[in-house]
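Examination of the molecular architecture
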Amino acid sequence: GTPLRERLNTDDAVCFTRTYDAAHLKAHPQQTVRRIAVLKAKGERRAPDDFPFYKLMFRVELKSGKTFEKETTCAPDQYAYSCTHDMDADTAREFYLTRAGQEHVMLRDRRGAMSKLFDVKLSTDDRIFKLQQSPVDACAFR
C-alpha cells in the first residue's frame with residue numbers, strides 16, 4: 001500500500017476507522033472498544049522542510065457507549081508513525097500506526113498507552129486494531 005507519510009501529507013482530512021459488530025464483541029468478551037477512529041484534520045499538513053510529525057485525533061467508543069477523544073502527535077519512526085499519550089512529556093514510541101495494505105493501517109499499542117491517552121481502563125484485547133481508510137464523516141462519532 002501507499003506509505004503512511006504520503007497518505008497523511010495532504011491538505012485534505014484523512015480518516016481511519018473500525019467498528020466491531022455484536023458478533024465480534026461476543027466472540028471477544030474482553031475487548032472493550034466498539035468503535036475506534038484516527039483523524040488527521042483538513043489543512044494539517046507539514047511544511048516541506050519541517051519534521052514530518054502530525055497532530056492526530058484518536059477516538060474510541062466503548063461497549064458501554066462512553067466515548068473518548070484525545071489529540072496527540074505522531075512522528076515517523078522507521079516504517080511506522082510512533083505516537084505518544086502525552087504531548088508535553090515527549091514520550092514517543094508508545095503506540096504505532098503502520099500501513100497494512102492499500103486501504104488499511106494497523107494501530108499497535110503493545111504497552112497499553114492508549115489507556116493513559118484516554119484516561120480509561122482498556123483491556124489487553126484493545127491493543128491491536130486494523131483500521132480502514134474511510135470517508136471523513138465516519139470519524140465523527142454521533
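Right above here is the structure, for reference.
Residues numbered from 1 in each chain as written. Predicted model: local features only at pLDDT ≥ 70, side-chain atom pairs only at ≥ 80, totals over all residues. Heavy atoms only, no water.

**Things to note about the sheet that holds strand β4 (residues 67-77)**
With respect to topology, 8 strands assemble into a closed barrel ordered β1-β2-β3-β4-β5-β6-β7-β8, the strand pairing being antiparallel. Across the sheet, the mean angle from the axis of one strand to that of its neighbour is 30°, orientation sign disregarded. Pairing geometry for strand β6 (residues 95-99) and strand β7 (residues 104-108), over 4 bridges, is antiparallel. Along β7, the bridge assignment pairs leucine 97 with leucine 107. (Pairing = 2+ DSSP bridges. Helix = DSSP H or I, 4+ residues; strand = E, 2+ residues; numbered from the N terminus. Axes fitted to C-alpha atoms, helices over the stretch in contact; angles between N-to-C directions.)

**Quick notes on the pattern of salt bridges**
Summed over all chains, the structure comprises 3 salt bridges. Close ionic contact of arginine 59 with glutamate 69 constitutes a salt bridge, the shortest N to O distance being 2.6 Å. One end of the pair, arginine 59, is in strand β3 (residues 54-62); the other, glutamate 69, is in strand β4, with 10 residues separating them in the sequence. Arginine 59 gets classed as buried once you look at its relative accessible area, which sits at 15%. Via salt bridges that share partners, Arg34, Arg35 and Glu61 belong to a single interconnected network. (Salt bridge = Lys/Arg side-chain N within 4 Å of Asp/Glu carboxyl O. Buried < 20%, exposed > 50% of the residue type's maximum accessible area, 1.4 Å probe, protein only.)

**Some details on the state of the cysteines**
All told, the structure shown has 2 disulfides when counted by the stated rule. The partner cysteine of cysteine 15 in its disulfide is cysteine 139, sulfur to sulfur 2.0 Å. What sets the handedness of the cysteine 15 and cysteine 139 disulfide is the S-S torsion sign, and at about 95° it is right-handed. Linking cysteine 15 in strand β1 (residues 14-19) with cysteine 139 in the segment after β8 (128-134), this pair joins segments that are 124 residues apart in sequence. (Disulfide = S-S within 2.5 Å.)

**Looking at the nonpolar core**
With 29 residues, the main nonpolar core has Phe58, Leu97, Leu107 and Met114 as its most contacted residues. Once residues within four sequence positions are removed from consideration, leucine 107 is found in contact with Ile36, Phe58, Phe95, Tyr96, Leu97, Met114, Arg127, Ile128, Phe129 and Leu131. With 6 residues, the next largest nonpolar core counts Cys15, Met57, Cys139 and Phe141 among its residues. (Core = buried A, V, L, I, M, F, W, Y, C linked by side-chain atoms within 4.5 Å. Contact = heavy atoms within 4.5 Å.)

**Observations regarding the layout of surface pockets**
Volume-wise, the largest pocket comes out at about 210 Å³. Pro3, Leu4, Arg5, Gln78 and Tyr79 are, among the 11 residues lining the largest pocket, the residues nearest its centre. Of all the secondary structure elements, the ones that give two or more residues to the lining of the largest pocket are α1 (4-8) and β5 (80-83). For the lining of the largest pocket, the class distribution of residues is 7 nonpolar, 1 polar and 3 charged. (1 Å grid on protein atoms, 1.4 Å probe; cavity = no way out; pocket = protein on both sides within 12 Å on 5 of 7 lines; lining within 4 Å. Points joined across faces, edges and corners; volume = space filled by probe spheres on them. Nonpolar A, V, L, I, M, F, W, Y, C, P; charged D, E, K, R; others polar.)

**Observations regarding the environment of tyrosine 81**
Among the secondary structure elements, tyrosine 81 is positioned in strand β5. For the pair tyrosine 81 and leucine 107, spaced 26 residues apart in the sequence, the C-alpha separation amounts to 9.6 Å. Ignoring anything within four residues of it in the chain, the contact list for tyrosine 81 reads Leu4, Arg5, Leu8, Pro52, Tyr54, Cys74, Ala75, Pro76, Phe95, Tyr96 and Leu97.

**Re the pairing of β6**
Of all 5 residues making up β6, 4 are buried, and the element is well covered by its neighbours. Where β5 meets β6, 4 bridges bridge the pair, whose relative direction is antiparallel. Across the sheet, the residue bridging to alanine 80 is threonine 98, located in β6.

**Focus: the packing of aromatic side chains**
Inspection of every chain in the model, using the stated rule, returns 3 aromatic pairs. For the pair tyrosine 20 and phenylalanine 129, a centre-to-centre distance of 6.3 Å together with 55° between the ring planes defines the contact as tilted. In this pair, tyrosine 20 is assigned in the loop between β1 and α2 (22-27) and phenylalanine 129 in strand β8, connecting sequence segments 109 residues apart. On the basis of relative accessible area, tyrosine 20 is assigned to the buried category, the value being 7%. In this structure phenylalanine 129 comes out as buried when scored by relative accessible area, which is 1%. With a centroid separation of 6.0 Å and an interplanar angle of 50°, the aromatic rings of tyrosine 54 and tyrosine 81 are classed as tilted. Here tyrosine 54, found in strand β3, pairs with tyrosine 81, found in strand β5; they are 27 residues apart in sequence, far enough to count as distant. Grouping residues by exposure puts tyrosine 54 and tyrosine 81 together as buried. Between the NZ or CZ atom of arginine 35 and the centre of the ring of phenylalanine 141, over which it lies, the distance is 4.0 Å. (Phe/Tyr/Trp six-rings, centres within 6.5 Å; stacked < 30°, edge-to-face > 60°. Lys NZ or Arg CZ within 6 Å of the ring centre and 35° of its normal.)

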